[in-house]
Amino acid sequence: GKTKIILIDEEFSKHLDTTIKVKKKSQRWNHFAGIDLGVNGFVNESNSVDLQEDAEFMDLNYGKSIMIALNIWEWYIPIAKEKFGISTGLGFEFNNYDLDRTYDIISTQDSTYGIQNEDKRFEKNKFKSSMLSLPLFFETNIGKDAAHSFHLALGGQVSYRLGSKSKQVFELDNKDYKVKNRNDYNMSDFRFNAVARVGYADFTLFASYSLTPMFDKDKGPELYPFTVGISMLSW
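Notes on the structure in this doc start here. Here the structure is a predicted model, which means the values were calculated and not measured.

Notes on the pattern of salt bridges
At step 1: Considering all chains together, one arrives at 10 salt bridges under this definition.
At step 2: Between Lys83 and Glu82 there is a salt bridge, with its nearest N and O atoms 3.8 Å apart.
At step 3: A relative accessible area of 35% means that Lys83 is categorised as partly exposed.
At step 4: For Arg121, the salt bridge goes to Glu171, with nearest N and O atoms at 3.7 Å. Here Arg121, found in strand E6 (residues 121–143), pairs with Glu171, found in strand E7 (residues 149–172); they are 50 residues apart in sequence, far enough to count as distant.
At step 5: Exposure remark for Glu171: the relative accessible area of 24% places this residue in the partly exposed category.

Describing the pairing of E6
At step 1: Across 13 bridges, the pairing between strand E3 (residues 84–98) and E6 is antiparallel. Bridge pairing links Gly85 to Glu139 in E6.
At step 2: Direction of pairing for E6 relative to E7: antiparallel, over a ladder of 22 bridges. Looking across to E7, one finds that Asn125 is bridged to Gln168.
At step 3: Where E6 folds back on E7, the antiparallel hairpin that results is connected by five residues.

Here's the deal with the environment of Arg182
At step 1: Looking at where Arg182 falls in the secondary structure, it is placed in strand E8 (residues 175–182).
At step 2: Relative accessible area serves as the criterion here: at 66%, Arg182 is assigned to the exposed category.
At step 3: Placed 19 residues apart in sequence, Arg182 and Gly163 show a C-alpha to C-alpha distance of 7.8 Å.
At step 4: Residues within four places of Arg182 in sequence aside, it is in contact with Ser164 and Lys165.

Quick look at the pairing of strand E11 (residues 224–234)
At step 1: One ladder, built from 10 bridges, connects strand E1 (residues 34–43) with E11; its direction is antiparallel. Bridging from a neighbouring strand, Ile35 pairs with Leu233 of E11.

Describing empty space enclosed by the protein
At step 1: Taken as a whole and assessed by the stated rule, the structure comprises three cavities of 30 Å³ or more.
At step 2: In this structure, the largest cavity is lined by 23 residues; those nearest its centre are Met67, Glu93, Gln157, Phe206 and Ser208.
At step 3: The residue inventory of the lining of the largest cavity, partitioned by class, reads 11 nonpolar, eight polar and four charged.
At step 4: Lining the second largest cavity, in full, are His31, Phe32, Glu74, Ser87, Phe137, Glu139, His151, Leu152, Ala153 and Arg197.
At step 5: Of all the secondary-structure elements, those providing two or more residues to the lining of the second largest cavity are E6 and E7.
At step 6: In terms of residue count, E7 provides more of the lining of the second largest cavity than any other element does, three residues in total.
At step 7: Classifying every residue of the lining of the second largest cavity gives four nonpolar, three polar and three charged.

Describing the nonpolar core
At step 1: The biggest cluster of nonpolar side chains holds 16 residues, and the ones touching the most others in it are Phe42, Met58, Ile105, Phe127, Met214 and Leu223.
At step 2: Discounting chain neighbours no more than four positions away, the residues touching Met58 are Phe42, Leu51, Leu99, Ile105, Phe127, Met214, Phe215 and Leu223.

Considerations on the environment of Ser111
At step 1: Looking at the secondary structure, you find Ser111 in the loop between strand E4 (103–107) and strand E5 (112–116).
At step 2: The sequence separation of Ser111 and Phe150 amounts to 39 residues, and the corresponding C-alpha distance is 46 Å.
At step 3: Contacts of Ser111, omitting those with residues within four sequence positions, involve Ile106, Asn186 and Lys219.

Some details on the side chain of Thr88
At step 1: Within the fold, Thr88 resides in strand E3.
At step 2: Within polar-contact distance, the side chain of Thr88 engages the backbone oxygen of Pro135 at 2.6 Å.
At step 3: Not counting chain neighbours up to four residues away, the residues in contact with Thr88 comprise Trp73, Glu74, Trp75, Leu134, Pro135 and Leu136.

Notes on unusual backbone geometry
At step 1: The phi torsion at Asp173 lies on the positive side, around 55 degrees, for a residue other than glycine.
At step 2: Here Asp173 lies in the loop between E7 and E8.
At step 3: You can call Asp173 exposed: its relative accessible area is 67%.
At step 4: In this model, Asn186 sits at a positive phi of 60 degrees, which is unusual for a non-glycine residue.
At step 5: Considering the arrangement of structural elements, one finds Asn186 in the loop between E8 and strand E9 (190–200).
At step 6: For Asn186, a relative accessible area of 6% translates into the label buried.

Calculation criteria
- Residues numbered from 1 in each chain as written.
- Predicted model: local features only at pLDDT ≥ 70, side-chain atom pairs only at ≥ 80, totals over all residues.
- Heavy atoms only, no water.
- Salt bridge = Lys/Arg side-chain N within 4 Å of Asp/Glu carboxyl O.
- Buried < 20%, exposed > 50% of the residue type's maximum accessible area, 1.4 Å probe, protein only.
- Helix = DSSP H or I, 4+ residues; strand = E, 2+ residues; numbered from the N terminus.
- Pairing = 2+ DSSP bridges.
- Contact = heavy atoms within 4.5 Å.
- 1 Å grid on protein atoms, 1.4 Å probe; cavity = no way out; pocket = protein on both sides within 12 Å on 5 of 7 lines; lining within 4 Å.
- Points joined across faces, edges and corners; volume = space filled by probe spheres on them.
- Nonpolar A, V, L, I, M, F, W, Y, C, P; charged D, E, K, R; others polar.
- Core = buried A, V, L, I, M, F, W, Y, C linked by side-chain atoms within 4.5 Å.
- Polar contact = N/O pair within 3.5 Å; in protein donor to acceptor, adjacent residues only side chain to side chain.

Shown next as structure tokens:
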């Protein structure tokens, strides 16, 4: 794990004329760089998960609405050594929204909405997006070393939408269909999130809440994405 062990042959050690220096314990581990796994959701303009009538087509099956983030790089700027500083980085975010109702998502130049289609027997009805993310956190680490340290990061994250698509697998008139549609769905190109990350040692929980709606103004229902999850792997 994080332990360094040095093995030295007794006979060889008699001839050593240098001092062996043991590396000082790490005072900080990366808490953003790594792989995150979370659950996606939406709230309406009243911060309720009970979506308004025009947004019912985006009702989710939370158990299958999963976010995976690959945070490839992290940079820490110390202000008070490892105890307090600013961290940033770069990551890729892959969002999966598993739709819980029998709706087709329709998108025109001016509007995104849902039309109920009970004739289809859905096996899958998904909406997906991929994003490039740039965080900026104020971070504190409290403890004698990284392995025994409480860490807290608060701040924001700017995300740029790289792509979006819908995927349906269904049965209609005793025939099986698989339909994919790549479209911008009038989604906001940029998303500004409030983010909190907290944990102990290399264990981290996180939550993010979008301050900008998922769809462009007046081109879709007013929905604000959120994600809660856990850091699965750090480097």
